[in-house]
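Listed below, chain by chain, are the residues.
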2 protein chains.
Amino acid sequence: MSYLEELKQALAADRVTTNSAVLDQHSRDESYHTPARPDAVVFPLSSEEVSRVMKIAGKHEIPIVPFGLGTSLEGHVIPYAGGITMDFSLMDKVLEIKPEDFLVRVEPGVTRSKLNQELKKHGLFFSVDPGADATLGGMAATNASGTTSVRYGVMRDQVRDLEVVLANGEIIHTGNLAVKSSSGYNLNGLFVGSEGTLGAFTELTLQVYGIPEMTIAGRADFSSIDEAVSAVVAIQSAGIQVARIELVDAASIAQVNAYSHTSYPEVPTLFLEFHGNEAGLMQDVDFARDILSDNGCSNFKFEKDSLARAQLWDARHNLAYAAMRANPGKKMMVTDVCLPISQLAGGIHAAQEALRAEGLEGGILGHVGDGNYHALLMIDVENPEEMAKAEAFNRAIVEYALSKGGSCTGEHGVGIGKAKYQQLEHGNAYSVMQALKKTLDPQNLLNPGKLFYETGNSAAMQ
Amino acid sequence: MSYLEELKQALAADRVTTNSAVLDQHSRDESYHTPARPDAVVFPLSSEEVSRVMKIAGKHEIPIVPFGLGTSLEGHVIPYAGGITMDFSLMDKVLEIKPEDFLVRVEPGVTRSKLNQELKKHGLFFSVDPGADATLGGMAATNASGTTSVRYGVMRDQVRDLEVVLANGEIIHTGNLAVKSSSGYNLNGLFVGSEGTLGAFTELTLQVYGIPEMTIAGRADFSSIDEAVSAVVAIQSAGIQVARIELVDAASIAQVNAYSHTSYPEVPTLFLEFHGNEAGLMQDVDFARDILSDNGCSNFKFEKDSLARAQLWDARHNLAYAAMRANPGKKMMVTDVCLPISQLAGGIHAAQEALRAEGLEGGILGHVGDGNYHALLMIDVENPEEMAKAEAFNRAIVEYALSKGGSCTGEHGVGIGKAKYQQLEHGNAYSVMQALKKTLDPQNLLNPGKLFYETGNSAAMQ
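Residues numbered from 1 in each chain as written. Chains lettered and ligands numbered in written order. Predicted model: local features only at pLDDT ≥ 70, side-chain atom pairs only at ≥ 80, totals over all residues. Heavy atoms only, no water.

## Regarding unusual backbone geometry
Residues and elements named next belong to chain A.
Okay, so step 1: Backbone geometry places Glu-61, a non-glycine residue, at a positive phi of 55°.
Okay, so step 2: You will see that Leu-451, though not glycine, has its phi angle at about 70°, which is positive.
Okay, so step 3: We classify Leu-451 as buried; its relative accessible area is 0%. (Buried < 20%, exposed > 50% of the residue type's maximum accessible area, 1.4 Å probe, protein only.)

Here's what the structure looks like:
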């Protein structure tokens, strides 16, 4: 019996497909990486079904790629080795909300916006906000973060337990419901960020937060990126707890204005948000205002009103879509490096230098409170010269970040795009990672060619 | 050449000893677990020396136990299999403080109080406070936490990078200096809490915090533990950010009074602390006062004064020593389970029930904001009947915690004492942990018999 026949018996015939349009939908993510189609797509309904798929794949040595919504930015879900793509869109239930424990249990296909809709009824919210309306399974797989991580932490910090189906079809739980534990090895942390290379997540228990008593957002204009970054460092050194602190450069503000019909001054801008009780917030905001002003902020505007706040963050979040709209036919390369805060200004300068050196145009933006910045380039992937320049730029900023004790990716993950920097970043620890992979996936069937650099994946566009 | 001769050549003759008194010092921790002597103790000065020791141990198949100060509570550092104890007391330097990045780089033998002395000059502090003045290497090995974790997180949350010497003598770095990273597997998280079973830590880069603008501590008296726990849940549900929230039962307050010459009312008591800016704090404290009162608090007293605050926390921290003083000749068993907050009151009731059922006396205390409580029993380890009762009590509360989605240890770690509950707690994930251990320590020489249950360690007192 072929593996497809076995899959159809193990699931249901209508949830195993080789339909060309469906294969196409699962051939790409939101990045510039070259598409590649899987041989089949399955839509499991339960961990038991996922386990059956794993066993069939193991028996026939077929690669498996878990798939959420395809919003990844480094080609994580592109099945370069073919095989089965496991689409979790039918496992999209919020299973349980436990307000007293600030916990929620969800299936991996739930998106963060759907979760937040459900949580709102209980006065709760889920903090991780990577911009895209990704699935929670995908966000756990890449250790996503985003605008609010400076205050609430990254995806790994929110995961209390994962149900994981291993390569051999075994089902495990990586954690428990307690706030903390010193019992056994930290499997939660190991599986979060493993990008589908160690197992497929079939259930997540996540920490959530009470909606803060008060939220104030604001926009601060600067005449240079340097001043804006100094202001961020000064605010953090003063111990002011910001909930978000985002840098957007002048070029990107121009694209935001064009796309979102806003009229923000087209200068380097910080978008800020503060969460807390009213008295504490007002003191923090006053203090922050002084610090911003001391660091060259020419104009700042704080918004308590929820509509004005929403407009502000929509503008920030639509940046990638604005860039895509402005560059039809091109594809997006969003670089993503993270530096110690003290090295951030230098890192951004180096990025601007590298852009000039390659003759490229790109917007600089990022989660500067975490030392994480992006350069957003729209590139013509059919133009080998432009691709080579973009790759050279990418390598330059990664090497700069690593030389300063940073990381080649703060939040987008490794996927195919950053696999080639793993040895450089991790040194001897890279062999430890390879050994762990081999232990848990001895046939190398789980998202092969991702996270680790293989001769096979060097052929693919990286 | 014997392995001792090789060690003397690899280090220096005076840093390799088989002196009986030194072996005795390394035969025990602060717990009730039966002592056992190593065959030799070495005092390395550098990661290179640690690497040499590892290679010699591997060649001769000699077990190795890393040792900080011996403050562990589950027998972690007791070398039941003999071999080499690697004492890190000579690697006790604070190597670098980076105030702008809120980072510090230390050797593993630095104690948390020594670190805090150094940090104070920079307006910074290290948050994890397990009570004992443990070494930072030991605290990372057990994923220690303590009174402040409810606000700042546990040891794992503070570790940005570890330098680790693996069983084969290879030296790796598990992380970097950036605030966040999605690059490769999360080795930081895996090695923190690995209790010396995967490698020896030779350097730690840790996150530190700015000393808050203002700190207010307080004491709230209740007539029942139930009311005190309800108050904790209510304070957290209200979104008030407490920096510490500790429960101490009436019996323990009596021991505190006797030991610390205080005169606290001998009733169930919450010790609280709040960190923040003045305006925010005053609003939080007022709100907390109302909630405490609504939940049956009969008397509360807040202290802004640093001396009064220090006295309060000294009293809390001296609890274990108070119990030891009050029970000469006995040894301390501090149970340590963690529950989802919603299950905490039930868990404490079950513990009180189990104490009564076994006819034992014990104080109940704990980090209730994390759902983590301890029962502190002083036991006569020479009395088999008393030991059996204590073990039965321990098993009862662990099983209760696990049945409610909790963990068999919130902060003390597994060591020898909780090894027998690992299979029950982790199910199929336990075999994953065993596979990881085998991958990184194929000869099972690194702290053998700890964290994993082995026939060999069942003979030792657990």
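From this point, things continue past the structure.
## With respect to the relation of the copies chain A and chain B
Okay, so step 1: Note on the identical chains: chain A maps onto chain B by a rotation of 180° and an axial translation of 0.0 Å, with an RMSD of 0.0 Å. On this basis, the relationship between the two copies can be described by a two-fold rotation axis. Minimal C-alpha separation from the rotation axis in chain A is found for Gly-280 of chain A, amounting to 1.7 Å.
Okay, so step 2: When the interface residues of chain A are mapped onto chain B, 100% of them again lie at the interface, so the same face is used by both copies. (Least-squares fit on C-alpha atoms with pLDDT ≥ 70 in both. Contact = heavy atoms within 4.5 Å.)

## Comments concerning the sheet that holds strand β3 (residues 64-67) of chain B
Residue and element names in this part refer to chain B.
Okay, so step 1: Taken in spatial order, the 4 strands of this open sheet run β1-β2-β4-β3, and their pairing is mixed. Two strands in the sheet have a free side with no partner beyond their single neighbour: β1 (16-17) and β3.
Okay, so step 2: As paired elements, β3 and strand β4 (residues 84-87) share 4 bridges and run parallel to each other. By the bridge assignment for β4, Phe-67 is matched with Asp-87.
Okay, so step 3: Across the sheet, helix α3 (residues 47-60) is in contact with β2 (40-42), β3 and β4; its angle to β4 comes to roughly 175°. (Pairing = 2+ DSSP bridges. Helix = DSSP H or I, 4+ residues; strand = E, 2+ residues; numbered from the N terminus. Axes fitted to C-alpha atoms, helices over the stretch in contact; angles between N-to-C directions.)

## Let's talk about α3 of chain B
Residue and element names in this part refer to chain B.
Okay, so step 1: Here α3 is 14 residues long and its end C-alpha atoms lie 20 Å apart, about the 20 Å a rise of 1.5 Å per residue gives.
Okay, so step 2: For α3, the full list of buried residues reads Ser-47, Glu-49, Val-50, Ser-51, Val-53, Met-54, Ile-56, Ala-57 and Gly-58.
Okay, so step 3: With its phi angle positive at about 55°, Glu-61 sits one or two positions after the end of α3. (Expected span 1.5 Å × (residues − 1).)

## Quick notes on the packing of aromatic side chains
Okay, so step 1: Counted by the stated rule, this structure contains 18 aromatic pairs over all chains.
Okay, so step 2: The interplanar angle of 75° and the centroid separation of 5.5 Å between the aromatic rings of Phe-452 of chain A and Tyr-185 of chain B together place this pair among those described as edge-to-face. You can see Phe-452 of chain A sitting in the loop between α17 (429-440) and α18 (455-458) and its partner Tyr-185 of chain B sitting in the loop between β9 (171-173) and α8 (187-191), one on each of two chains.
Okay, so step 3: Taking relative accessible area as the criterion, Phe-452 of chain A reaches 6% and is therefore assigned buried.
Okay, so step 4: Cluster of aromatic residues (ring-pair linked, three or more members): Phe-125, Tyr-152 and Tyr-209 of chain A.
Okay, so step 5: The ring centre of Trp-313 of chain A lies 4.5 Å from the NZ or CZ of Arg-244 of chain A, which sits over that ring. (Phe/Tyr/Trp six-rings, centres within 6.5 Å; stacked < 30°, edge-to-face > 60°. Lys NZ or Arg CZ within 6 Å of the ring centre and 35° of its normal.)

## Structural notes on the pattern of salt bridges
Okay, so step 1: Using the criterion set out here, one finds 45 salt bridges over all chains in the structure.
Okay, so step 2: Across the salt bridge formed by Lys-121 of chain B and Glu-118 of chain B, the nearest N and O atoms sit 3.3 Å from each other.
Okay, so step 3: According to the relative accessible area criterion, Lys-121 of chain B is exposed, its value standing at 64%.
Okay, so step 4: With relative accessibility at 27%, the residue Glu-118 of chain B sits in the partly exposed group.
Okay, so step 5: One salt-bridge network, held together by shared partners, links Arg-112, Asp-129, Arg-244 and Glu-273 of chain A. (Salt bridge = Lys/Arg side-chain N within 4 Å of Asp/Glu carboxyl O.)

## Points about the sheet that holds strand β2 (residues 40-42) of chain A
Residue and element names in this part refer to chain A.
Okay, so step 1: Strands sit in the order β1-β2-β4-β3 across an open sheet of 4 strands; the sheet is mixed. The open sheet is flanked by β1 (16-17) and β3 (64-67), the only strands paired with a single partner.
Okay, so step 2: Where helix α3 (residues 47-60) meets the sheet, its contacts fall on β2, β3 and β4 (84-87), and the angle it forms with β4 comes to roughly 175°.

## What about the confidence of the model for chain A?
Okay, so step 1: When pLDDT is averaged along chain A, the result is 94, and 98% of the positions lie at 70 or above.
Okay, so step 2: When the criterion is pLDDT under 50, residues 458-462 of chain A qualifies, and its contacts beyond four places in sequence or with other chains add up to 16 contacts. (pLDDT = per-residue confidence, 0-100.)

## Some points on the environment of Ile-84 of chain B
Residues and elements named next belong to chain B.
Okay, so step 1: Note on placement: Ile-84 falls in strand β4.
Okay, so step 2: For Ile-84, a relative accessible area of 0% gives the class buried.
Okay, so step 3: Along the chain, Ile-84 and Ile-62 lie 22 residues apart, while their C-alpha atoms are 7.0 Å from each other.
Okay, so step 4: When near neighbours in sequence (up to four residues on either side) are disregarded, Ile-84 contacts Tyr-3, Leu-7, Ala-40, Val-42, Val-53, Ala-57, Ile-62, Pro-63, Ile-64 and Val-65.

## A look at the domain arrangement of chain A
Accessible area lost upon the coming together of the parts is a frequently used measure of interface size.
Residues and elements named next belong to chain A.
Okay, so step 1: Under the domain assignment, chain A is made up of domain 1 (3-87), domain 2 (94-210), domain 3 (214-321) and domain 4 (327-439).
Okay, so step 2: Its C-alpha centre places domain 1 at a distance of 28 Å from the equivalent point of domain 4.
Okay, so step 3: The interface of domain 1 with domain 4 comprises 10 residues on the first partner and 16 residues on the second.
Okay, so step 4: Broken down residue by residue, the surface that domain 1 buries against domain 4 is led by Tyr-32, Leu-73 and Glu-74, which jointly contribute 65%.
Okay, so step 5: Counting the contacts that link domain 1 with domain 4 gives 1 salt bridge.
Okay, so step 6: The partner of Glu-74 in a salt bridge is Lys-418, with the nearest N and O atoms 4.0 Å apart.
Okay, so step 7: Remark: the boundary between domain 1 and domain 4 carries 5 residue pairs in polar contact (both at pLDDT 80 or more).
Okay, so step 8: Here the residues of the side of domain 1 that touches domain 4 sort into 4 nonpolar, 4 polar and 2 charged. (Domains from an automatic or database assignment. Buried area = accessible area lost by both parts, 1.4 Å probe. Polar contact = N/O pair within 3.5 Å; in protein donor to acceptor, adjacent residues only side chain to side chain. Nonpolar A, V, L, I, M, F, W, Y, C, P; charged D, E, K, R; others polar.)

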